[in-house]
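# Overview (structure and organization)
Below, each chain spelled out in residue letters.
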Amino acid sequence: MTTRNLDKLFAPKSVVLIGASKRAGSVGDVLLRNLTTSGFEGKVMAINPHAEAFGEVTAYADVASLPEAPDLAVIATPPASIPDLIADLAARGTRAAVVITAGFGELGEDGRHLQSLMLDAARPNLFRIVGPNCLGIMAPDVGLNASFAQLTPLKGNIAFVSQSGAVVTAMLDWATSRGIGFSHIVSLGGMADVDFGDMLDYLAHDPKTNSILLYVEQITNARKFMSAARQAARLKPVLVIKSGRHAAAAKAAASHTGALAGSDAVYQAAFQRAGMLRVDDIEDFFDAIETLSTHPERKSLTGNRLTILTNGGGFGVLATDFAIDEGAQIAELAPETIERLNSVLPRTWSHANPVDIIGDAPASRYAASIETVLDDTGTDAVLVLNCPTAVVDNVDAARAVADAAVKSSKPVYTSWLGDQGAREARQIFLDRQVPTYETPNQAIHAFMLQIRYQRNQKLLMEIPPAGPAWPDRDLAKAREIVAGVHADNREWLNEWEAKRLLAAYGIPIVETRIAKDVDEASRVADEIGYPVALKIFSRDITHKTDVGGVVLDLEGSDVVREAARRMLQRISEKAPTAHIEGFTVQRMVSRPSAFELILGIVDDITFGPVLLFGQGGTAVEIVRDKAMALPPLNRVLADDLIRRTRIFKLLEGYRGRPPADLEAIAGTLMALGDLAADLPEVCELDINPLLADQNGVIALDARVRVKPSAGDGTRRFAVRPYPSDLEGVLTARDGTAFPMRPIRPEDTPLIDNLLEHTDREDSRMRFLSPLRRLPRQLAARLTQIDYDREMAFVIFTDEAKSEVAVVGRLNETPDRARAEYAILVRSDRQGVGLGYSMMKHLIDYSRARGVGELYGHVLRENVSMLDMCKEFGFVRHSLEGEPTVLEVVLDLTK
C-alpha cells in the first residue's frame, strides 16, 4: 500500500492493549508486561471490560471509553471481534494496530472473509495493520516491545523482518547473548496489510537502520516487493533467507524450461536482481548478522583473495581446502611480503599461504604477522586462526589481532578455536567490532557471503554499453503467428511456427521445411541438400526425442524415405493417439566447435515471466546447469546470467576450442525478454539446443506454449519493462517537433554529452552544483530507473537521436501521493519552449498515473523555472534550514 502511518507503528506516543489479562503466562499478560517494562516512555492503556487496572495501567471497558485516541493498538482478542475493533479505533483517530490473534486467512474461506472485513474497516482511514497471527513488533530505540517474545532486544542498527514468529524468538535469543542489537524487529504473520514491500520502503529511509534482514516464506506482491527491495539494497545491505527451497513446483511442466524452473530458483533470481544477498540457512543468517554488526562500512572487499594466518598448520590447510571449495582464491604472497615475514617469524614457518606462524606464537608474533599480510598488495582479506596451547595466552593474541584489524581498511575475520578457553578472546573481538566465528569454516563462509553481496551491489551499479545490441523485432509478424495458434484453439506452436516466432525477434534459425508425407519429405531433402535432420511434426508431441521422433545426419532420398517410415511406426507404438501432421526437414548444421545451450521463458505464479539460461541438449534435466533471471535484461544483466552457469567457463574457450560469441548469446537472452514483454500470451518457451560458437548462434529447435492473454500486458512482470508505448514526439512551444522516449540504462553517454553542452550555471540550477560529468554511481542510478516508480523522458535534438536536448525526471512516493520533478535543458537548446513542453508532459503523465501532487526544489535565483512554475499553478514554500531553496508544489487533484 504505502509507508503512510507506519510511524504510528514504530514511534507511537501512546499504546492501547486490547485483550490485557491478569492470568500469569497468558498472551495478554506477557504483552502488557513487555509494553510496560521495556523502556517505553509513552502512555500505555488497556481495554478489558472485567478489570479496572493492571498495576499502574488503567483499564477501560471499550474503545469508546478511552480518554484519548492511541497512536497504536495491540490486539489479542478473538478473531470475530477484530473487524469491529478496527472500525472503532479508526473512528477514534487511531491509525495503526498489531493484530496478534490467529484465525484469519490461514483457516480457509471463513477466515478469509473475516480478514476481508478487517481490511474493509481499516481501508477508509489508511489504518495500518501488522499481522494477523504474528508475534508482534519491537522498536528498541523508543523502548517499544509490542510482542509476546521472551526477551526485549538490545538497541542496535539492524532491522529484522520475519513471517515466522518462531524464527524471531530464536534470533532474539541468539543475538542478545552475543550483544547484538536491533533497530526494529517485525513479525509480519499473515501480512493482511503491511508486507515486506512496505517494510523495505520504510526501513530504506530509516536513519536508525544500517542493514536489513528478512526471513521470507512467501512474497505476495512481487512488483511492490521488487521495487522496494531494489531501492533499499542501493542504500544499505539487505539479506534474506527463504524457506521451502525444495518445493516441487515443476512436476507437471511440459517443457525443459518449466522442468528446470523450480519456485525456489525463481526466488533466487528475484533476490539477485534486487541486489539482496541470500543466505541458505539459520546458521548463515547468524553468521551474516555477525558480519553486519561488526564490519564497519569502510571494510569493503576489493576481491576474493584470502590470506590465512594460523598458529596451527593442520587447521590452516583444512581452512584452505574449504576456502577453495567455497570459491575463494588463496592469495599468492608477494616476494617482499615473504621477506618481511622471514624477518619476524621463526625459520620453520610455512613460507607460503596459509601462513603458519608456529604453535608457540605469542601476541607479538601475531601482531607483526598480521600487519605484514595486511600490507600485502595481493591480499584482499585476512582470516586469523588460533588453536589453544598451554605455552601462550590466546587472549593477548586476540588483543593484538583486534588492534591491527581496527586500524586496517581490509576486512579481518577471526576464529579462536575451542570452547570455554576461547570465550574471553571472542568477547574482545566482539567489543572491538571485529568479526569472529567459532569455526574457520564459518568465517570463510561469512567472507564469501560478503563477496557475493558486493558482487550483487556492483551489478546494480554497472552501466551497460551504449547502442543497440540486437536487431529490431518484427512485432506484427510475431503477433500474427500467436493469433493463428489461438484461432486454431491450440496451446502449443508447432516447430515451424516456433522458429518463425524466434526469427521475428532476430534470433537466427536453421532453415526448416514442412513435408506432409514420406514422399514429400524425400523430395524436400533433395531440395535442401544433404545431410538433413528429419523430425516428426505433431501438435501432440512436445518432446520428439522421447518417442523416436528425431533422426539426424541422413544422406540420400531413399535413406530419408526409410527413416520417415520407421519413425511413423515407432510413434504409432509410443504415442498412438498423437495426430501426425507430417515431418519437418532441415539441413544439418555443421558447427563442430559449437556448444549446446538452452534458453527459455517460464511464467512464474509469483514473479511472472522468468528467463532461463544453461547447458542444453537431451540431458538438460540431468545436468541441471542453469541460472535464472527476471526480465527485462540489458547487456550487463544478460552477461551476469551467463556467468552464473558452469558452462560459462567453457564458453570462454579452452584447449584450442575457440570462445563462443558471448555478445550473440546475450543478445538472444535480451530478445527473449522483449518477446515476453510484447507477447503476454507466451507462458512457456524453450530453445534447446541453441548452438553457440565463435561465429554466433543458431536455434535448432524450439517449443512455445501460449494461453489467452488476461489483458495484463507487462503488469505481470515483477520488474516493469521499458515502456515503449511512451515513445513519441514532443512539440516545443514554437511548434517544432522533437523525438522523445523514456530513458534507458544504456543512455549514460547521452547524459554525459548533455552535461558537456550545458553551461556550468545551468548545471548548477539543476543539480545545485556545477556538474560537468555525473559520477558513475549517480549515472547508473539516474539511467537504471524503476519504471514503476520513476520516469525520465529524454528529448533528442533531431531524428538521428544521437544527442539529448532535455531530460525531465519524476520520482514518485510508493503510494503516489507525491512525485518530485526535475528538468535540465541543454544550454544551446533553450529559448524555444522545450522546458515548458517537458513540464507540461510531466504534469500530464503524473496526473494520468494518479499522483496527488507534483513538487520540486528550485534555487531562489532560478527565476525562469520559478516563473514557469507560477504559470502552471505551482505554489511556493520556504524550506526550513534552506534559505537559498524554495519548494514548489502543484496539486494534481484539482
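Reference entry: report on the structure contained in this document. (Residues numbered from 1 in each chain as written. Predicted model: local features only at pLDDT ≥ 70, side-chain atom pairs only at ≥ 80, totals over all residues. Heavy atoms only, no water.)

## Concerning the overall build of the chain
When helices and strands are counted, the chain shows 29 helices and 37 strands. Against the compact-globule benchmark of 29 Å for 894 residues, the chain has a radius of gyration of 32 Å, which places it among compact chains. Looking at the 894 residues of the chain, the share that counts as buried comes to 57%. Counting contacts in the chain only where the partners sit at least 6 residues apart, residues at least 24 apart contribute 71% of the total. (Helix = DSSP H or I, 4+ residues; strand = E, 2+ residues; numbered from the N terminus. Rg over C-alpha atoms; globule rule 2.2 N^0.38 Å. Buried < 20%, exposed > 50% of the residue type's maximum accessible area, 1.4 Å probe, protein only. Contact = heavy atoms within 4.5 Å.)

## Some points on the side chain of Lys410
Residue placement: Lys410 occurs in the loop between helix 14 (394–407) and strand 19 (412–416). Buried charge without a partner: Lys410 forms no salt bridge, and the closest opposite charge is Asp376, 6.1 Å away. Here Leu374 takes part through its backbone oxygen, which lies 3.0 Å from a polar atom of the side chain of Lys410. (Lys, Arg positive; Asp, Glu negative; His and termini not counted. Salt bridge = Lys/Arg side-chain N within 4 Å of Asp/Glu carboxyl O. Polar contact = N/O pair within 3.5 Å; in protein donor to acceptor, adjacent residues only side chain to side chain.)

## A few points about the pairing of strand 4 (residues 57–60)
Bridging between strand 2 (residues 43–47) and strand 4 involves two bridges; their strand directions are parallel. Counted as the bridge partner of Ile47 is Tyr60 from strand 4. By the bridge criterion, two bridges tie strand 3 (residues 53–54) to strand 4 in an arrangement that is antiparallel. Among the inter-strand pairings, Ala53 is bridged to a residue of strand 4, identified as Thr58. Adjacent in sequence and paired antiparallel, strand 3 and strand 4 are bridged by two residues, among which Gly55 carries a positive phi angle near 65 degrees. (Pairing = 2+ DSSP bridges.)

## Examining helix 16 (residues 440–461)
Spanning 22 residues, helix 16 covers 32 Å between terminal C-alpha atoms, matching the ideal 32 Å at 1.5 Å per step. Here helix 16 lies mainly inside the structure; 17 of its 22 residues are buried. (Expected span 1.5 Å × (residues − 1).)

## Quick word on the sheet that holds strand 5 (residues 72–75)
Read across the sheet, seven strands follow the order 3-4-2-1-5-6-7 without closing on themselves; strand pairing throughout is mixed. Edge positions in the sheet fall to strand 3 and strand 7 (128–130), since each of these pairs with one other strand and no more. Across five bridges, strand 1 (residues 14–18) lies against strand 2 in parallel orientation. Bridge pairing in strand 2 links Val15 to Val44. The strands touched by helix 3 (residues 82–92) within the sheet are strand 1, strand 5, strand 6 (96–99) and strand 7, with strand 5 carrying the most contacts at an inclination of about 165 degrees. (Axes fitted to C-alpha atoms, helices over the stretch in contact; angles between N-to-C directions.)

## Some details on the sheet that holds strand 34 (residues 818–825)
Pairing is mixed in the open sheet, where eight strands are placed in the order 30-31-32-33-34-35-37-36. Strand pairing shows two members of the sheet lacking a second neighbour, strand 30 (728–731) and strand 36 (875–879), which therefore form its edges. Sheet twist, expressed as the mean angle between neighbouring strand axes with direction ignored, is 30 degrees. Pairing between strand 32 (residues 790–796) and strand 33 (residues 804–812): seven bridges, direction antiparallel. Opposite Val794, over in strand 33, you have Val807 as the bridge partner.

## Looking at the pattern of salt bridges
Using the criterion set out here, one finds 53 salt bridges in the structure. In this structure, Glu495 and Lys535 form a salt bridge, with 3.7 Å as the shortest nitrogen-oxygen distance. Placement of Glu495 in helix 18 (residues 495–504) and of Lys535 in strand 21 (residues 532–537) is noted, with a sequence separation of 40 residues between them. Exposure class is identical for Glu495 and Lys535. Each is buried. With its nearest N and O atoms 3.5 Å apart, the salt bridge here joins Arg816 to Glu812. Taking relative accessible area as the criterion, Arg816 reaches 28% and is therefore assigned partly exposed.

## Focus on the environment of Ala331
Looking at where Ala331 falls in the secondary structure, it is placed in the loop between strand 16 (329–330) and helix 12 (335–344). On the basis of relative accessibility, which here comes to 4%, the residue Ala331 falls in the buried class. Placed 45 residues apart in sequence, Ala331 and Asp376 show a C-alpha to C-alpha distance of 9.3 Å. Residues in contact with Ala331, not counting those within four places in the same chain, are Arg305, Leu306, Thr307, Asn353, Gly378 and Thr379.

## Some remarks on the packing of helix 3 against helix 4 (residues 109–122)
Relative to each other, helix 3 and helix 4 sit at 5 degrees, their axes nearing to 8 Å. Relative to helix 4, the element helix 3 is oriented roughly parallel. Contacts between helix 3 and helix 4 involve Ile82, Pro83, Ile86, Ala87 and Ala90 on the former and, on the latter, Leu114, Leu117, Met118, Ala121 and Ala122. A breakdown of the residues in the contact of helix 3 with helix 4 according to their chemical character gives ten nonpolar, no polar and no charged. (Parallel < 35°, antiparallel > 145°, perpendicular 65-115°, else oblique. Nonpolar A, V, L, I, M, F, W, Y, C, P; charged D, E, K, R; others polar.)

## Comments concerning unusual backbone geometry
Cis geometry is found at the peptide bond from Tyr530 to Pro531, where omega equals -5 degrees. Along the polypeptide, Pro531 turns up in the loop between helix 19 (518–528) and strand 21. Omega for the peptide link from Asn688 to Pro689 comes to 5 degrees, which places this bond in the cis form. Inspection of the secondary structure puts Pro689 in strand 27 (residues 682–693). You will see that Ile358, though not glycine, has its phi angle at about 80 degrees, which is positive. Note on placement: Ile358 falls in the loop between strand 17 (355–356) and helix 13 (363–374). Among the residues examined, Ile358 registers a relative accessible area of 22% and is labelled partly exposed.

## Some details on helix 29 (residues 863–872)
Residues of helix 29 that are buried include every one of Met865, Leu866, Met868, Cys869 and Phe872, and no others. Down the axis of helix 29, the buried set is contained in an arc of 160 degrees. They therefore lie on one face. Of the residues in helix 29, the exposed ones pointing more than 90 degrees away from the buried face are Ser864 and Lys870. In this fold, the buried residues of helix 29 make contact with strand 34, helix 28 (834–849), strand 35 (853–859), strand 36 and strand 37 (882–891). (Arc of directions from axis to C-beta.)

## What about the nonpolar core?
In this structure, Leu9, Ile137, Leu214, Phe225 and Phe607 are the most contacted members of the largest nonpolar core, which totals 71 residues. Apart from the residues lying within four places of it in its own chain, the contact partners of Leu9 are Leu72, Ala96, Ala97, Val98, Arg128, Val130, Ile137, Leu144 and Val194. In this structure, Ile481, Leu599, Leu679 and Val697 belong to the second largest nonpolar core, which totals 52 residues. (Core = buried A, V, L, I, M, F, W, Y, C linked by side-chain atoms within 4.5 Å.)

## Structural notes on the packing of aromatic side chains
Counting across every chain of the model gives eleven aromatic pairs. The interplanar angle of 75 degrees and the centroid separation of 5.7 Å between the aromatic rings of Tyr413 and Phe447 together place this pair among those described as edge-to-face. One end of the pair, Tyr413, is in strand 19; the other, Phe447, is in helix 16, and 34 residues separate them in sequence. Of the two residues, Tyr413 and Phe447, both sit in the buried class. (Phe/Tyr/Trp six-rings, centres within 6.5 Å; stacked < 30°, edge-to-face > 60°.)

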